[in-house]
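Geometric and topological summary
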Amino acid sequence: MLSFSRQILKFATSKWLIIAISLLVVGCNTTSKTETTTTNTETAEKTQPTTAGSEKTEQPGDKTAVELPGEKTDSKELSAKVLMRPDFIGRVKMAYMSAKEIPALAQKLFCYCGCDYTDEHTSLLDCYTCDHSVDCDYCKGEIMMAFKMNRKGASVAEIQKAIDLNWGPHYPFYEQPSDAIKKYWKKRLWAPGAGPTKFEHPNETKPIIDPFTGTSDSKSKPMSKKGDCCGGKKKSKESK
Ligand SMILES: [Zn+2]
């Protein structure tokens, strides 16, 4: 009995030894591989010091049902337009970081806070090229929903629909819709047409799902201040 358990112990020990040795060997291999790569690609390393030798980190904006061929370069330029400041913290920082990841998608979404009138914004992206979104729950919520859905592989149509149904009923200017929303209604992918669907009709009491927490939030508010921010009047004046 004793010798049997000893044998087991011996077997177990040798098994662990083998595992330990193979792990060491694998470890050595990886190290030497990394070293070779590093020496061979010194020039490449200069341009990309942080990623050389390490495995590719997943960029949330990469996996897209959203990006079309040729859209990558556009996205880089759009992303550079998104504001980022060191004093952005918490939800504000998360929202602006998300906008930087998915600027091309943000450009295909409509912001229901009323900034189409107050600031002449034409898409959700405009809310992120200036500090407009800092004070606006709608802008922050919309980009967070888009970011999360995009990461899960949702299509542009699905994301537009989710945002339109969540914030659409709270759009403040249904009685006199702006040119921007009329254009958006015509072009949107899930229900292109001249106006809102019956699910978007004004309903101030309809609770809004807060994508940060996943819970419904009755306190969510569009921005309170009206202003002429960078995505608005200045831009349209320049293009005139
Ligand atoms: Zn807005």
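Definitions and cut-offs
- Residues numbered from 1 in each chain as written.
- Predicted model: local features only at pLDDT ≥ 70, side-chain atom pairs only at ≥ 80, totals over all residues.
- Helix = DSSP H or I, 4+ residues; strand = E, 2+ residues; numbered from the N terminus.
- Contact = placed C-beta atoms within 7 Å.
- pLDDT = per-residue confidence, 0-100.
- Buried ≥ 20, exposed ≤ 12 C-beta atoms within 10 Å, placed from the backbone.
- Expected span 1.5 Å × (residues − 1).
- Axes fitted to C-alpha atoms, helices over the stretch in contact; angles between N-to-C directions.
- Parallel < 35°, antiparallel > 145°, perpendicular 65-115°, else oblique.
- Left-handed = near helix turned anticlockwise from the far one by under 90°.
- Core = buried A, V, L, I, M, F, W, Y, C linked by C-beta atoms within 7 Å.
- Nonpolar A, V, L, I, M, F, W, Y, C, P; charged D, E, K, R; others polar.

**With respect to the overall build of the protein chain**
The number of helices and strands found in the protein chain is ten helices and two strands. When the elements of the protein chain are put in sequence order from the N terminus, they spell out α-α-α-α-α-α-α-α-α-β-β-α. Long-range contacts, defined here as pairs at least 24 residues apart, represent 67% of the contacts in the protein chain between residues at least 6 apart.

**Describing unusual backbone geometry**
The phi torsion of most residues other than glycine is negative, and most of the peptide bonds are trans. Unlike most non-glycine residues, E120 shows phi in positive territory, near 55°. Mapped onto the secondary structure, E120 falls in the loop between α6 (115-118) and α7 (137-151).

**Observations concerning the confidence of the model for the protein chain**
Detailed reading of the predicted model is not advised wherever pLDDT is low. The share of residues in the protein chain with pLDDT of 70 or more is 60%, and the mean pLDDT across the chain is 76. Low pLDDT, under 50, characterises residues 224-228; the predicted model gives this stretch seven contacts beyond four residues in sequence or across chains. Across residues 230-240, where pLDDT falls below 50, the model places 17 contacts with residues more than four positions away in sequence or in other chains.

**Focus on the environment of P202**
Along the chain, P202 falls in the loop between α9 (179-187) and β1 (208-210). Overall, the presence of 14 C-beta atoms within 10 Å leaves P202 in the partly exposed class. Sequence separation between P202 and Y174 is 28 residues, and the spatial gap between their C-alpha atoms is 7.1 Å. When sequence neighbours within four positions are dropped, the list of residues in contact with P202 reads P169 and Y174.

**Considerations on helix α8 (residues 156-167)**
The end-to-end C-alpha separation of α8 is 16 Å, in line with the 16 Å expected for twelve residues at 1.5 Å each. Regarding α8, the residues found buried are V156, I159, Q160, K161, I163, D164, N166 and W167. Buried residues along α8 sit in contact with α5 (103-106), α7 and β1.

**Side note on the packing of helix α4 (residues 90-101) against α7**
In a pair of packed helices, the angle between the axes and the distance between the axes together describe the arrangement. Where α4 contacts α7, the axes come no closer than 9 Å and their chain directions differ by 50°. Here α7 runs oblique to α4, going by the angle between their axes. Viewed along their axes, α4 and α7 form a crossing whose handedness is left-handed. On α7, the residues that touch R91, M94, A95, S98, A99 and E101 of α4 are K140, I143, M144 and F147.

**Remarks on the nonpolar core**
In terms of nonpolar packing, the biggest core is built from 34 residues, with A106, C111, L124, I143 and A146 touching the most fellow members. It is α7 that contributes the most residues to this core, seven residues altogether. Discounting chain neighbours no more than four positions away, the residues touching A106 are A99, S123, L124, L125, Y128, I143 and A146.

**A closer look at the environment of S133**
Along the polypeptide, S133 turns up in the loop between α6 and α7. Exposure remark for S133: the 32 C-beta atoms within 10 Å place this residue in the buried category. It is 7.6 Å that separates the C-alpha atoms of S133 and V92, two residues lying 41 residues apart in sequence.

**Topic: the packing of α7 against α8**
Viewed as axis vectors pointing N to C, α7 and α8 meet at an angle of 150°, and their least axial separation amounts to 10 Å. Compared by their axis directions, α7 and α8 come out roughly antiparallel. Of the two elements, α7 crosses α8, and the hand of that crossing is right-handed. Counting all contacts with α7, which are made through Y138, E142, M145, A146, M149 and N150, the residues of α8 involved are E158, I159, A162, I163, N166 and W167. Split by residue class, the contact of α7 with α8 holds eight nonpolar, two polar and two charged.

**Concerning the environment of E175**
Among the structural elements, E175 can be located in the loop between α8 and α9. Judged by the 6 C-beta atoms lying within 10 Å of it, E175 is exposed. Taking the C-alpha atoms as reference points, E175 and P202, separated by 27 residues in sequence, lie 9.4 Å from one another.

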